[in-house]
Amino acid sequence: MKMKYTVAVLLLFLAAMAVMPALSGCPTAGRDRAHGPGAGIWGCLPARLCQVWPVNFLSLIEAKREGQTLEPAQVKAIVAAFTAGQIPDYQMAAFLMAVYFRGLQPAEVRALTLAMRDSGEVLRFPEDPRPLVDKHSTGGIGDKVSLPLSPLLACLGFRVPMISGRGLGITGGTLDKMDSIPGFQTLLPTGRITEIVQGVGCVMCGQTASMVPADKGLYALRDVTGTVPSIPLIVASILSKKLAENLDALVIDVKFGCAAFMPTLEKARELARALATLSNECGVNTRALITNMDTPLGRTAGNWLEVKESVACLTPQPASPASRITHHASPSATDLRDLTLACAAHLLVQTGKAPSLDAARQQAADCLASGRPLTKWNEMLAAQGADLAAYERKLALDHTAPVVMGLKAPGSGFVSRCDARIVGEVIRELGGGRLTKDSVLNYDVGVDAILKPGEAVQAGDPLARIHAADRSAAEAACVRLKAAFDISAQPPAAIPLIAETIPAQASGGL
Ligand code: URA
């Protein structure tokens, strides 16, 4: 009797195992097996069941450690279980380290990206002739392109759900810059994000708690386990968030150089290719621009100072600001304007709104010169709760930090180096960047009026201005910042703004 009962239970269990994958849409056990010891029983279980089943995640860690390829369903199940809090951090950390050393196959990266995107809410927008577009930058010093670009794109007939991040380490974050605007709200509920995008045309805010929760958990672990610089993990992290915006087109600015995530052009190219390939495969028309980050972008670095420079970039200028360097106003340098226009131009071409990059750049430049993007910027600030009167008063001030100190050039000649990494470190030491995720920022500190490579300087003239909380911080920053600059008798060779575009384009000067 007991024997009969045991056999019946066993048969029932096997029957259930056979039908469950089919019921759930999970691939069958045969197709779903990993190519090695990692397969186990888990790989064939539907995600819902994986969340309650005693998970044999160890065998998947071992499979990845041995360089085996996981099936998409297994990757999906890992993300589902991790997001549900069913994989302990120590095991996920081991898995991430295995991925760091062994890499992921394209199908694994795709499965990871889509599973991360689907770990939370995906933005949904009503039918509208205006394409949904965005730009992402891998981060740098003084990289404030998103600020003028977002209202410019809205004026060019796009909808821009720009979901940005905060700075960590030496690189700045768009959200921190926007948080320096009095009253401006960067944390918005999903409904309000779509409402502002539909009404104003652009929004600049942070991820909601319900968007891409898997990335939040995974990034926090990567950050403390030395597994951030892994191309497949970076690709999944960036694209899961961008795909959750439900975009039609995307431009990704992949930086390389001394202050960039990717130190060399070769590494940046590898990342750019991986990002552009997968994003295009996922249905988002995507181009990657590879740009240099040895020197800060524009003339300012530091949260509020970058907002000021962005507003200057949005303000129609009667004459070229590049030729006049006033050490009080920090005029927008041409590299900021040029990169902003280049991003807009690519998106115009990608969405069929312009026939060529040259025509698109002209269209974007005309739009910027019309002043409409500046009006749109103010409209966006108001929609996101900014106190416009307080903002205008702040904008009119030369500086908001208590102490401003010039860094004097030790000799005459041409600036031949302005090291963005040192500038970033100085800003972090001044309190403008984060040492940990919980660091409290001083939005007013930073560096402005930065002279750029190729510009002439006389001995004793300022190479840059330091904005600090007190005199001793300013003096310490001055000593440190000195090392960022070299001055030579001859101007250095000019560095192109955009080193490469992926997929390759007949550039038309961009
Ligand atoms: N930015 C991200 O969002 N994720 C990464 O992994 C790296 C940079």
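See the structure above.
Residues numbered from 1 in each chain as written. Predicted model: local features only at pLDDT ≥ 70, side-chain atom pairs only at ≥ 80, totals over all residues.

Student: Explain the site of the ligand to me, please; I cannot follow it from the model alone.
Tutor: The local shell around the ligand consists of T138, G165, Y219, V228, L233, I234, S237 and I238. By residue number, the principal contributor to the shell around the ligand is helix α12 (residues 231–243), which donates four residues. The class makeup of the residues in the shell around the ligand is five nonpolar, three polar and no charged. (Near = placed C-beta within 6 Å. Helix = DSSP H or I, 4+ residues; strand = E, 2+ residues; numbered from the N terminus. Nonpolar A, V, L, I, M, F, W, Y, C, P; charged D, E, K, R; others polar.)

Student: Looking at this structure, I do not really get the nonpolar core. What am I missing?
Tutor: Note that soluble globular proteins tend to have their nonpolar side chains buried in a common cluster. Residues L153, C202, A272, L275, A344 and A364 are the most contacted members of the largest nonpolar core, which totals 149 residues. Counting residues per element, this core draws most heavily on helix α15 (residues 334–350), which supplies ten residues. If we skip the residues at most four places from it in the chain, A272 touches I252, V254, A288, I290 and I502. (Core = buried A, V, L, I, M, F, W, Y, C linked by C-beta atoms within 7 Å. Buried ≥ 20, exposed ≤ 12 C-beta atoms within 10 Å, placed from the backbone. Contact = placed C-beta atoms within 7 Å.)

Student: What should I look at first to understand helix α19 (residues 420–430) in this one?
Tutor: For an α-helix, the turn length of 3.6 residues means that residues three or four places apart are oriented alike. With nine of eleven residues buried, α19 lies mostly within the body of the structure. By the burial criterion, the buried members of α19 are A420, I422, V423, G424, E425, V426, I427, R428 and L430. Here the buried face of α19 lies against β8 (446–448), β10 (462–468) and α20 (471–482). Directly after α19, the chain includes G431, whose backbone phi takes a positive value near 105°.

Student: Any chance you could explain the sheet that holds strand β12 (residues 498–502) here in plain terms?
Tutor: What links the strands of a sheet is backbone hydrogen bonding, and the strands pair in either a parallel or an antiparallel sense. Strand order in the open sheet formed by four strands is β1-β4-β5-β12, and the pairing between neighbours is mixed. Strands at the two margins of the open sheet, each flanked by one partner only, are β1 (133–137) and β12. Looking at each pair of strands side by side, their axes are set apart by 15° on average, direction ignored. With eight bridges connecting them, strand β4 (residues 249–256) and strand β5 (residues 285–292) associate as parallel partners. Bridge pairing in β5 links V251 to R287. (Pairing = 2+ DSSP bridges. Axes fitted to C-alpha atoms, helices over the stretch in contact; angles between N-to-C directions.)

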